[in-house]
Amino acid sequence: MLAATKVYAADPAPISTKLVASVLGDVFQIKIATDANSPKAAYGSCFVVDTAGILATNFHVVAYALHDPKKYHLYLIDGDKSIPAEVVAIDAVNDLALVQVDRTFNRSVKFAHGLPDSGDKIYSIGWPEDLNKAVSEGNFNGLMQAGPYRKIQMSIPLNPGMSGGPTINEAGEVIGVNVSLRADSQSLAFAIPHDLLRALMREKRTPLSKPDDHEDFDETMRAQLERVQEEISTSILKESDSNLQIGGWSVFKPAKIVKCWHSQESGARDQTQVITEQCYLSGSTPIKRDLDAGTFRLRYQAIENRTLSAWQFVHQLNEELEDQPFAIADKVERFTTSLRCRQLDLVNPKNVGLRVHYCVNGFLPYAESYNIEFELVAASGRQRALLVSGSFLGFSSHNGLAILRTIINSITLDQK
Amino acid sequence: MILVKVHEADHIETHKVEIFPCVIGRSMHCGIRVDDPSVSARHAEIHQSTDGYVLKDLFSTNGIWQAGGKVKEVRLGARESIIFGDVQIEFLTEDTLERTHDSKLLPHEHTEAPHWLTVKIAAALFFALLIGLAVPALEQYLWYWPPEKFGELAGRAILLWLQLSATALAISIFCKVNLKRFNFHKVLLLICLSFVAERLVSNFMPSLVFNLHNLTGAKFLKHIGYGAVIYILLFRLQRYALPKGQLRYRRWVAGGVSVISMLIIELVIERQLGERSRMADLGMPIPTLGPSQGSDDLMFAIGLTIAATDQERIRQLERLESGDD
């Protein structure tokens, strides 16, 4: 096996290059513009999955045309022509969309039967930055699962514009759809596994980007958001007894589905010692630019007072509570309600006094879908305090409250 | 009743004495104050006995002199003239007054107006309001400037005002405090009574006290209050417990004991009270003294916020729809 790979690597003209070249013809550019001749408002890549005129792309590529169908339209760029296209199926959770155009194709891509082995060569095809069609080469690094989100992790230099293009193996078969690149990384990129795309292809197709009728799209989105937050909530609440010990406090930690970062540092002039545990779900459901749902983050900060007086310490805690920036975007134009915030003092069942500051807003098009964010502070004498902040984006009120209750009720002061 | 006429350098001051014993001296705590360096802080005392009035020397430096001789005790006749250091003081008993019907002898400034209680209550309320507004404002200035929550500020001011005015009222009614002569003891008494009131309130309305505890220096004042109670009690009790000759030290004894007691309160009792009281001092929510809300109340509050969000959503959707049409 190892020897065979070596032979491949040493081969001066690998067969795969030709296979990649054969897929190139199935990849097109897609543009979103006010009409066929106007310049693009957004662009992406797509590829033929059905010769009857069905192409696959990312949901976030076509989101403009879905949210504002009166203003923006979708076009497939075929040489010099712009062919009007229509979105017929979406899977917002996995960032996939199917687009239909009024023309037939001679051929479509082939799907792989499984996934490559870790380290195998793979290729991503697309139109980076609206330039020439490009092929990037890289390696398959396995699957990544975070709650409801499943992605292929790969080391390929992806660029904006290649979103929606195919990721193929050495045999020229599609293994996934290019989706994103970790911003602060060295070509750490992600693709959506092909089985999710094939599942979407089996679903019923209805035109979703009709300029005069929003309801089908809104209803589809609502249902998908509902499903994804339900899945996340179930897996969080399933672990309602998993605890994290942090600086003399015991708190709830949804261990299985989140990734956490731990750090320990001293405050200004060594007056305090802060232990931070930051957890987040690495994945989200894109709704529109800069607006995501179906994700959450949690941050615990255990603060130990070293030299501050009681009043200074409390003052600092109150400042922290007021200063923390909220992640929820307030009043995204015509899309969310305004942010409503309140502060409340309470005592949890573990007899810990808490000051909670929370904010809520809701998505206008999707009933029962809210962004809930909270920050709280608990203090034990003048020595120890716990700051907790978290945000839940696109959750139902029932699930948001249930998770918040779990987090708040779990805060315990460890008696030493 | 006795009339006391103090012959000072440039004028004669007349006092009407009805409550006995009455101390004459340079200190401002004396019933009759004689501001002259030759007069001791507590120079002499008038007692009422079964057969008239007696003036007693209170171990003063310069003593009391009658008819050129130094005396320890004088039985006050109808009209006596006694020398206190360099000051001459005349004593006129009731018999003299009745006989002479000398209305000019009666001082005017001590006649109480018939509506004195109303005036005192109003003044007490006014001063308490001033303090109630000033303290939280100062606190906001020191810690949370600029004050973002004026509602909270006003709430605290009203709470403090209620507390202070209630105690000021109690003092002015029950102790017959003359607000014109608001001395050190009475200020201490006000502070300690206000904290007694606070303790009482804390049993019935914990969240109210929780808010009061957010005030800067509340703990400091509270301890001064404790110290004041001890000081006043000791100061008064020593008169009955100690021999007369040692009374001159009672101020020091009371002060020392109250300072030591405050230290004990701070170092022993406060530490023993532990987490609870310290949390209250910190202005943090505390389980037993703090608000009695639980996580269900939070869920209810968020539920209300969500309902408000829903209403806004419906309103906005309607507006969008009508705007589109």
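A. Structural detail: the overall build of chain B. Secondary structure summary: chain B contains nine helices and 11 strands in total. Across the 325 residues that make up chain B, the buried fraction comes to 24%. Here the analysis covers contacts within chain B between residues at least 6 apart in sequence; of these, 50% occur between residues at least 24 apart.

B. Spotlight on the overall build of chain A. A count of helices and strands for chain A gives seven helices and 24 strands. For chain A, buried positions account for 45% of its 416 residues. Taking the contacts inside chain A whose residues are at least 6 apart along the sequence as the reference set, 62% of them involve residues at least 24 apart.

C. Main features of helix 7 (residues 397-410) of chain A. Across its 14 residues, helix 7 of chain A extends 20 Å between first and last C-alpha, which sits within 8% of the 20 Å expected from 1.5 Å per residue. Among all positions in helix 7 of chain A, only Ser397, Asn399, Gly400, Leu401, Ile403, Leu404, Ile407, Ile408 and Ser410 of chain A are buried.

D. Local environment of the pairing of strand 2 (residues 12-17) of chain B. Residue and element names in this part refer to chain B. Here strand 1 (residues 2-7) pairs with strand 2 via six bridges, running antiparallel. Bridge pairing in strand 2 places Val4 opposite His15. Here strand 1 hands over to strand 2 after four residues, the two strands then running antiparallel side by side.

E. Layout of the sheet that holds strand 3 (residues 22-25) of chain B. Residue and element names in this part refer to chain B. What the five strands build is an open sheet, ordered 4-3-5-6-9; its pairing is mixed. Two strands in the sheet have a free side with no partner beyond their single neighbour: strand 4 (32-33) and strand 9 (73-76). Across six bridges, the pairing between strand 5 (residues 44-49) and strand 6 (residues 52-57) is antiparallel. Bridge pairing links Gln48 to Tyr53 in strand 6.

F. Geometry of the sheet that holds strand 11 (residues 87-93) of chain B. Residues and elements named next belong to chain B. Ordered in space as 2-1-11-10-7-8, the six strands form an open sheet in which the pairing is antiparallel. In this open sheet, the two edge strands, each paired with only one partner strand, are strand 2 and strand 8 (69-71). Going from strand to strand, the sheet's axes swing by 30° on average, the running direction of each strand aside.

G. Here's a closer look at the packing of helix 5 (residues 215-238) of chain A against helix 7 of chain A. All names here are of chain A. The interhelical angle for the contact between helix 5 and helix 7, taken along N-to-C directions, is 20°, at an axis separation of 10 Å. Comparing their axes, helix 7 and helix 5 come out roughly parallel. Here the hand of the crossing between helix 5 and helix 7 comes out left-handed. Residue-level contacts link Gln229, Glu230, Ser233, Ile236 and Leu237 of helix 5 to Asn399, Ala402, Ile403 and Thr406 of helix 7.

H. Unusual backbone geometry, seen in detail. Residue and element names in this part refer to chain A. In the Ramachandran plot, Asp95 falls in the positive-phi region, its phi being about 55° despite a non-glycine side chain. Of note, Asp95 is situated in the loop between strand 5 (81-91) and strand 6 (96-101). Overall, Asp95 belongs to the buried group, with 27 C-beta atoms counted inside 10 Å.

I. Summary view of the nonpolar core. By size, the foremost hydrophobic cluster in this structure holds 118 residues, and its most contacted members are Leu55, Val62 and Val99 of chain A. Mapping this core onto the domain boundaries places at least three of its residues in each of domain 1 (2-212) and domain 2 (221-413) of chain A. With sequence-adjacent residues up to four places away left out, Leu55 of chain A is seen in contact with Phe28, Cys46, Phe47, Val48, Val49, Leu76, Val99 and Val101 of chain A. The next biggest cluster of nonpolar side chains, apart from the first, holds 20 residues, and it includes Cys22, Val34, Leu55 and Phe84 of chain B.

J. Spotlight on helix 5 of chain A. Residue and element names in this part refer to chain A. Taking 1.5 Å as the rise per residue, helix 5 with 24 residues should run 34 Å; its terminal C-alpha atoms sit 34 Å apart, in good agreement. When we look at burial in helix 5, the residues that qualify are Phe217, Met221, Gln224, Leu225, Val228, Gln229, Ile232, Ser233 and Ile236. The inward-facing, buried residues of helix 5 contact helix 3 (59-67), strand 17 (285-288), strand 18 (291-293), strand 23 (384-395) and helix 7.

K. Structural view of the pairing of strand 8 (residues 134-146) of chain A. All names here are of chain A. Relative to strand 8, strand 7 (residues 121-126) runs antiparallel, the two being bridged by six bridges. Residue pairing in the sheet places Lys121 in a bridge with Asn139 of strand 8. Strand direction decides the pairing type here: strand 8 and strand 9 (residues 149-155), joined by six bridges, are antiparallel. Opposite Met144, over in strand 9, you have Lys151 as the bridge partner. Where strand 8 folds back on strand 9, the antiparallel hairpin that results is connected by two residues, among which Gly147 adopts a positive phi of roughly 60°.

L. Molecular detail of the environment of Gly353 of chain A. All names here are of chain A. Tracing the chain through its elements places Gly353 in strand 21 (residues 353-362). A tally of 26 C-beta atoms within 10 Å means that Gly353 is categorised as buried. A sequence separation of 58 residues divides Gly353 from Ile411, and the C-alpha atoms of the two residues are 9.7 Å apart.

M. Layout of the environment of Tyr300 of chain A. Residues and elements named next belong to chain A. By the element assignment, Tyr300 lies in strand 19 (residues 295-305). Linking Tyr300 and Gly390, residues 90 residues apart in sequence, is a C-alpha distance of 8.7 Å. Non-local contacts of Tyr300, meaning those with residues more than four positions away in its chain, are made with Leu244, Ile246, Val251, Glu277, Leu386 and Val388.

N. Broad picture of the environment of Lys121 of chain A. Residue and element names in this part refer to chain A. By the secondary structure assignment, Lys121 is in strand 7. Each C-alpha atom of the pair Lys121 and Ser155 lies 9.7 Å from the other, and the pair is 34 residues apart in sequence. Leave out the neighbours within four places in its chain, and Lys121 touches Glu137, Asn139 and Glu170.

O. Expanded view of the confidence of the model for chain A. Mean pLDDT over chain A: 84, with 90% of residues reaching 70 or higher. In this model, residues 1-13 of chain A is a region of pLDDT below 50 whose contacts with residues beyond four sequence positions or in other chains number one contact.

P. The confidence of the model for chain B, seen in detail. Residue and element names in this part refer to chain B. Averaged over all residues, the pLDDT of chain B equals 68, while 48% of them reach at least 70. Least confident of the elements in chain B is helix 5 (residues 206-212), whose mean pLDDT is 46; most confident is strand 3, at 86. Confidence drops under a pLDDT of 50 for residues 101-112, and excluding neighbours within four residues, the segment shows 10 contacts in the predicted structure. Segment residues 206-217: pLDDT under 50, and 31 contacts once partners within four positions in sequence are set aside and those in other chains are kept. Taken over the whole predicted complex, pTM reads 0.61, whereas the ipTM for its chain interfaces reads 0.79.

Cut-offs applied
- Residues numbered from 1 in each chain as written.
- Chains lettered and ligands numbered in written order.
- Predicted model: local features only at pLDDT ≥ 70, side-chain atom pairs only at ≥ 80, totals over all residues.
- Helix = DSSP H or I, 4+ residues; strand = E, 2+ residues; numbered from the N terminus.
- Buried ≥ 20, exposed ≤ 12 C-beta atoms within 10 Å, placed from the backbone.
- Contact = placed C-beta atoms within 7 Å.
- Expected span 1.5 Å × (residues − 1).
- Pairing = 2+ DSSP bridges.
- Axes fitted to C-alpha atoms, helices over the stretch in contact; angles between N-to-C directions.
- Parallel < 35°, antiparallel > 145°, perpendicular 65-115°, else oblique.
- Left-handed = near helix turned anticlockwise from the far one by under 90°.
- Core = buried A, V, L, I, M, F, W, Y, C linked by C-beta atoms within 7 Å.
- Domains from an automatic or database assignment.
- pLDDT = per-residue confidence, 0-100.

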